[in-house]
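Each chain, letter by letter, is given below.
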Amino acid sequence: MAILADFKAEKPTWCPGCGDFGVLNALQRASVELGLDPEEMVVVSGIGCSGKLSAYFGSYGLHSIHGRSLPTAQGVKLANRELTVLAAGGDGDGFGIGLGHFIHAMRRNIDITYLVMDNHIYGLTTGQTSPTSDAGMITKTAPTGAVEEPVHPLHLALVTGCGFVAQGFSGDIVQLATIVKRAIAHKGFSFVNIFSPCVTYNKQNTYEFYKSHVKKVEDDPTYDAGNRFAALERVTEANALLTGVLYEGDRVTFEDGHAKYSTKGLATQEHTLSDDDYVKLLADFR
Amino acid sequence: MLQELSWKVGGQQGEGIDSTGKTFSSSLNRMGYFIYSYRHFSSRIKGGHTNDKVRVSTVQRFSSADKLDILLAFDQETIDFNGHELRAGGVVVADAKFNPVLPANIADDVILFSIPFTKLAEQNGASIMKNMVALGATAFVMGLSPDFCAAELQSKFGKKSQKIVDQNLAAVQAGYDAMKAQGQDFPELHLAPATPDKHLFLIGNDAIGFGALAAGVKIMPAYPITPASDVMEYLIKKLPQVGGVVVQTEDEIAALTMTIGASYAGSRTLTATSGPGLSLMMEAMGLAGMTETPVVIIDTQRGGPSTGLPTKHEQSDMNAVLFGTHGEIPKIVLAPATAEECFTATVDAFNYAEKYQCPTILITDLALSLASQSAKMFDYDYVTIDRGSLADPADLAKVVPGEMFKRYAHTSDGVSPRVFPGQKGGLHHVTGVEHNEVGRPDEGQANHVKMMDKRLGKLKGVELPNSVTYQGSENPDVLLVGVGSSYGPIGEALERLQQAGLSVGHAHVHVLSPFPVKALGDRMKNAKQVIVAESNATGQLFHLIRFHGLSHPEMQSYTKYDGTPFVPGEIENKVKGSMIEWQR
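Residues numbered from 1 in each chain as written. Chains lettered and ligands numbered in written order. Predicted model: local features only at pLDDT ≥ 70, side-chain atom pairs only at ≥ 80, totals over all residues. Heavy atoms only, no water.

(A) Fine view of the side chain of N193 of chain A. Residue and element names in this part refer to chain A. Turning to its location among the elements, N193 is positioned in strand β8 (residues 190–195). A polar contact of 3.0 Å, which involves the side chain of N193, links it to the side chain of Q167. When near neighbours in sequence (up to four residues on either side) are disregarded, N193 contacts F95, V116, D118, P153, L154, A166, Q167 and G168. (Helix = DSSP H or I, 4+ residues; strand = E, 2+ residues; numbered from the N terminus. Polar contact = N/O pair within 3.5 Å; in protein donor to acceptor, adjacent residues only side chain to side chain. Contact = heavy atoms within 4.5 Å.)

This is the structure in structure tokens:
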């Protein structure tokens, strides 16, 4: 059984205090608690501070290109469905350049987990407006304040039919680890948006801000995580400052929807076509 | 008696022109004739002129004929648009419904027959069978039995209902009888009997799809695009039979990155696209090169730039395929010339991709991908599966816990053993960032140089087998150089020129990268004059040859970029013209 140390790899180079440390810690804890084997896991990341997660987590890691962690991760899973596959990205990576893939990954419902480290800013490129930057937020690329409406990832996930929608906060690793555990255990595509403060470039969406504004759905006995439309309403009312599992439902996965798709990992199977199959297939062209 | 005949059917898109051509071609292929059928179509579903030009021959041909013997017309536009292709003595058989007339620019002695296709079809059950009536009329002209298409119709409709088969056959008979009743026989248009030799009948894209199955492909992520979609549509039907799956992705960026993910995880995976999709794949192609992930990409070229001519022939993606993606990566680019080679090159592509651990692109053109053609039986023994350098489990067992596997270990040939996620002892990191032997980011100057040399060195000095094929004189006055589907028209022009007593040669390039400098250079050295024939405006192959340091004092570029492939006569005339000019 793997222990916490087994899920550690290279020493992170994130700024001291970066929210992404909390995400890494929560993922490591969740993996230990689920009894996962690092050699049976793949973390696929995009580009940005969040993209470094694949290098810092002690499993197989694939650092893809900007915005494309989702299709890359889906490819890994399709090749070997016996692996536990996670995709990770940031708000720029996932809701800017890669937004299209997010919607289609939810539709497709391949059994992977998507962690977005949402800091409302472009960190690695030193402080430009991101798709989730609040309206009016002043940055290098919006010196008079952002005028565009931010992307609303939770709403998007809920209306797109995502089977598992959650939100966590780097400042609450215990809750986040519990959410991540459930997300990995969920059969189908699971989405976890994580408030992961950028301590260097975002002085607005800080730990303090989230600590004083975020409410946990676990603390609200009236919250029904089985009702997509109720969740939409509650998320809207709370201005999306809710954490916990916001919605979970059953949907047929892409893998199960394709009845003849192998139940075993394809990567490990025989690649040779039998003489018999060869002749049969060729008969189509007569 | 003809050893070969050129036939065309034309009408409005959506009125069964395709299926008429298909029934005609498949029936004759079943009889042992060799078929080459090229469709003219537009980017719309209903309406607009479409035609199918079919060459029927007793020997294998890889190109359309210069001229037409028989034209089957369902509207006047077909006669007006295609009439100029008819040779003297050719025949037009047209539906009496539209009162067909011959235009002024038509060859001498072309005869028009007006047969009531639609009316006879209605009398036999339904107007939709007018194309069967037309096939019957054609059968009489060509001296075929009216039941020449019985086996094809049986296999097409037999499962649905015998009544449909019988009705169609009755319609064919009605057309045959109506043509016969015209009181004229056409012995000069009768086909010589075929050797009963069974061969395949398929499009190049089918051969690629089948090749992928034979190569062990289980996953294909792709986005629909003409003229590549057939590969995807074929595999959608077949992959489930081997436990695999096709994913219709949201775009080509997803298609290639998903391919990269699946290949990294150990499954043979391919994607297929055409020009616009290829452009979208460029960044991901660099990731595959940088991470040494074997991927196979099919690029079926169509007319560019931008949306260009989506349904027309061109060979203008070569520069993009060879030089595309930022930075410098090794790439293998295979350019098959025939349907048979679409099969073998696809099998090879997977072996090369895994052997050299780099993106491998199979580049075809619209004529090759979409022309329905007879092909010799594909050889099962050709198929080998070589997964390249894989880590020895004994070595993996030696990896100390906490240490990483050296996925990018420096080796003498630059190729490092691979492991797949899930393997014990194989933990490592993969990134598009410059990295060290275990895949960790490393921006050091010495490391970057060493890693660049490792990746690019994998193909340094490599010349793949059969990268240039050659026919003709050893020391030709004119050497023709081509790539892709022009193999057919150039090869046939060569035959004719040789028969005319001229000294010519044909070097065909089947591998664009690593470029066969030696194999082609040897041929160029022996020639007095070199003509590089290709379907693009800027002479991409011509310049590629020079880029690789090959030169010749009498080397010229011959390009065609009107959306149609070369026919043999064009090449023949070009060579004759340039020989006269050169002798001056």
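(B) Representation of the sheet that holds strand β3 (residues 84–90) of chain A in the model. Ordered by their spatial adjacency, nine strands build an open sheet running β9(A)-β10(A)-β7(A)-β8(A)-β4(A)-β3(A)-β1(A)-β2(A)-β15(B), and the pairing between neighbours is mixed. If you trace the sheet from one side to the other, it starts and ends with β9 (215–216) of chain A together with β15 (429–431) of chain B, each paired once. Where strand β1 (residues 41–45) of chain A and strand β2 (residues 60–63) of chain A come together, four bridges link them in parallel fashion. Within β2 of chain A, the residue paired with V43 of chain A across the bridge is G61 of chain A. Taken strand by strand, helix α9 (residues 252–264) of chain B contacts β1 and β2 of chain A together with β15 of chain B, and its axis lies near 155° from that of β2 of chain A. (Pairing = 2+ DSSP bridges. Axes fitted to C-alpha atoms, helices over the stretch in contact; angles between N-to-C directions.)

(C) The arrangement of the pairing of strand β11 (residues 295–301) of chain B in detail. All names here are of chain B. Where burial is concerned, most of β11 is hidden: seven out of the seven residues are buried. With four bridges joining them, strand β10 (residues 270–273) and β11 adopt parallel strand pairing. Within β11, the residue paired with A272 across the bridge is I298. Relative to strand β13 (residues 359–365), β11 runs parallel, the two sharing seven bridges. By the bridge assignment, I298 is partnered in β13 with L362. (Buried < 20%, exposed > 50% of the residue type's maximum accessible area, 1.4 Å probe, protein only.)

(D) Just the packing of helix α5 (residues 99–108) of chain A against helix α6 (residues 153–160) of chain A, in detail. Residues and elements named next belong to chain A. Where α5 contacts α6, the two axes come as close as 9 Å, and the packing angle between them is 35°. Considering the relative orientation of α5 and α6, their crossing is right-handed. Packed against α5, whose contacting residues are L99, F102, I103, M106 and R107, the element α6 presents P153, L156, A157 and T160 at the interface. Split into classes, the residues belonging to the contact of α5 with α6 amount to seven nonpolar, one polar and one charged. (Left-handed = near helix turned anticlockwise from the far one by under 90°. Nonpolar A, V, L, I, M, F, W, Y, C, P; charged D, E, K, R; others polar.)

(E) Representation of the nonpolar core within the structure. Counting residues in each nonpolar core, the largest one holds 52 residues, and the members touching the most others are V76, L78, F102, F189 and F191 of chain A. At five residues, helix α3 (residues 69–79) of chain A tops the list of elements feeding residues into this core. If you count residues domain by domain, this core takes at least three from each of domain 2 (201–382) and domain 3 (389–462) of chain B. Residues within four places of F189 of chain A in sequence aside, it is in contact with L70, F102, A105, M106, N109, I110, D111, I112, Y114, C162, G163 and F164 of chain A. If you look at the next biggest cluster of nonpolar residues, it comprises 51 residues, including L281 of chain A together with A228, L235 and A272 of chain B. (Core = buried A, V, L, I, M, F, W, Y, C linked by side-chain atoms within 4.5 Å. Domains from an automatic or database assignment.)

(F) Broad picture of helix α16 (residues 445–457) of chain B. Residues and elements named next belong to chain B. Taking 1.5 Å as the rise per residue, α16 with 13 residues should run 18 Å; its terminal C-alpha atoms sit 18 Å apart, in good agreement. Turning to α16, its buried residues are N447, M451, M452, K454 and R455. With its buried residues spanning 160° around the axis, α16 presents them on a single face. The exposed residues of α16 that point more than 90 degrees off its buried face are Q445, A446 and D453. Along its buried surface, α16 packs onto α11 (282–290). (Expected span 1.5 Å × (residues − 1). Arc of directions from axis to C-beta.)

(G) Structural view of the confidence of the model for chain B. Of all residues in chain B, 100% have pLDDT values of 70 or greater, and the mean over the chain is 96. Taken over the whole predicted complex, pTM reads 0.97, whereas the ipTM for its chain interfaces reads 0.98. (pLDDT = per-residue confidence, 0-100.)

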